[in-house]
Amino acid sequence: MTGKTLAQIAQAIGGETKGDASVVITQMGDLGKAQPHQLSFLSNAKFAKDLATTKAGGVILRVHDAVNYTGNAIIMSDPYVGFAKAAQLLDSTPVQERGIAPSAVVHPSAKLGDNVSVAAGAVVSAHAIVSDNVVIGANCFIGELAILGAGVNLRANVTIYHRVELGQNVSIHSGTVIGCDGFGYANEKGTWTKIPQTGTVVIGEGTEIGANCAIDRGAIGNTIIGKNCIIDNLVHIAHNVEIGDHSCICGATGIAGSAVLGKYVVVAGQCAINGHIRIADEVQITGQSMVTKSIKEAGVYSSGMPVAPNRLWQKNTVQLRQIGKLVDRVKALEQAAKNSPSK
């Protein structure tokens, strides 16, 4: 495996070296288990004890952590960001071969740019536009008139419906479906009548979407995901939702139709967000929260109940069921106090 010297890595990630800058690094490693060919990092103080015994060939450290460290280091203000950038340099993920596989099906009217890769079993439909340096994994489906910007990377078994637009360098993992029908129906005397979903999905540049997500196309307008968003596995985004740039949606979250999330919003795992509400920029929503009304100011919001010992949880649940009676008693006492003669 080809590696890079500590000096080369430091230069690429914006850090300064301490110790032997010529040591060759081939992998990233856990601080407590790293070997001499690996680079690690320290960003959380609870792992500081591992720094004294690590065998890593180099460690990314803050200035104050590097003062008494005798090993090789890269010094920078944010070691976790340094770790991310170094990991990109040393990434060993297999790279798909360029070219069109013999078993791929590309419609004659589709337009393919330079240096495109279409793997085995993939289908590119009529009038689709596939820009330069796009990678389409095995068994992917690209619908009619879809547009894939330069550098898009689709892992195996991704489905892109008709007219979906992906910006440059969008990355989508296996099993995800973009542009499926939104959940639109009208009920007439108990019978459901389907509403055709004639909008599409537009995803901004640099956004990464995890595995087994579903992002619905708009009913009339479009579902819009901003640029540089990160969306975890098993997320459902309904029709006509809008998500602002640089937002983060964690796993198993569901966002109902026409909700609008601002920029830099962070939604933790297993949250449920009601439809037709607005969430302001820089809002953070903690895990398992249910958001039923608009949030107009930045800040941290919660509604989930933290785990507790079962006996305490049972006790609290019983007491919670008595809140209605307690409220009635308090009201009665307040009324009695108002009606009592003054002392």
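Residues numbered from 1 in each chain as written. Predicted model: local features only at pLDDT ≥ 70, side-chain atom pairs only at ≥ 80, totals over all residues. Heavy atoms only, no water.

## Some points on the pairing of strand β6 (residues 58-61)
Counted only if it meets this: To sort residues, take the accessible area from a 1.4 Å probe on protein chains only and compare it with the maximum for the residue type: under 20% means buried, over 50% means exposed, and anything in between is partly exposed. Put simply, DSSP H or I for four residues or longer makes a helix, DSSP E for two residues or longer makes a strand, and each gets a number counted from the N terminus. When DSSP finds two or more bridges between two strands, those strands count as paired.
Burial of β6 is two-sided: the residues G58 and I60 facing one way and the residues V59 and L61 facing the other way are all buried. Two elements, β6 and strand β7 (residues 73-75), share three bridges in a ladder whose sense is parallel. Residue pairing across strands places L61 opposite I75, the latter belonging to β7.

## Details of the nonpolar core
Quick note on the threshold: Here the nonpolar core consists of buried residues drawn from Ala, Val, Leu, Ile, Met, Phe, Trp, Tyr and Cys, with membership extended through side-chain atoms lying within 4.5 Å.
Grouped together as the largest cluster of nonpolar side chains are 52 residues, with contacts concentrated most on I136, L154, I160, L166, L261 and I273. Those elements that provide at least two residues to this core are β24 (201-203) and β37 (283-285).

## Examining the pattern of salt bridges
Rules: Salt bridges are defined as contacts in which a side-chain nitrogen from Lys or Arg sits within 4 Å of a carboxyl oxygen from Asp or Glu.
Summed over all chains, the structure comprises one salt bridge. Two residues, D181 and K194, come together in a salt bridge whose shortest N-O distance is 3.0 Å. Of this pair, D181 sits in the loop between β21 (177-180) and β22 (185-188) while K194 sits in strand β23 (residues 191-194), placing them 13 residues apart in sequence. On the accessibility criterion, K194 (41% relative accessible area) is partly exposed.

## So, helix α1 (residues 6-13)
Formally: Each C-beta atom gives one direction from the helix axis, and the arc is the one those directions make.
Those residues of α1 not exposed but buried are L6, I9, A10 and I13. Within α1, the buried residues cover an arc of 100° as seen down the axis, which keeps them to one side. Following α1 by one or two positions, G14 adopts a phi angle in the positive range, close to 85°.

## Description of the sheet that holds strand β13 (residues 129-130)
In sheet architecture, strand pairing relies on hydrogen bonds along the backbone and comes in two forms, parallel and antiparallel. Pairing is parallel in the open sheet, where nine strands are placed in the order β10-β13-β16-β19-β24-β27-β30-β33-β36. The open sheet is flanked by β10 (111-112) and β36 (278-279), the only strands paired with a single partner. Looking at chain direction, strand β27 (residues 223-225) and strand β30 (residues 242-243) are connected through two bridges and run parallel. Pairing of I225 across the sheet is with I243, part of β30.

## Quick word on the pairing of strand β5 (residues 38-41)
Residues in a regular strand project their side chains so that they alternate between the two faces of the sheet. Here two bridges tie strand β4 (residues 27-28) to β5, and the two strands are oriented parallel to one another. What sits directly across from Q27, in β5, is Q38. Relative to β6, β5 runs parallel, the two sharing three bridges. What sits directly across from L39, in β6, is G58.

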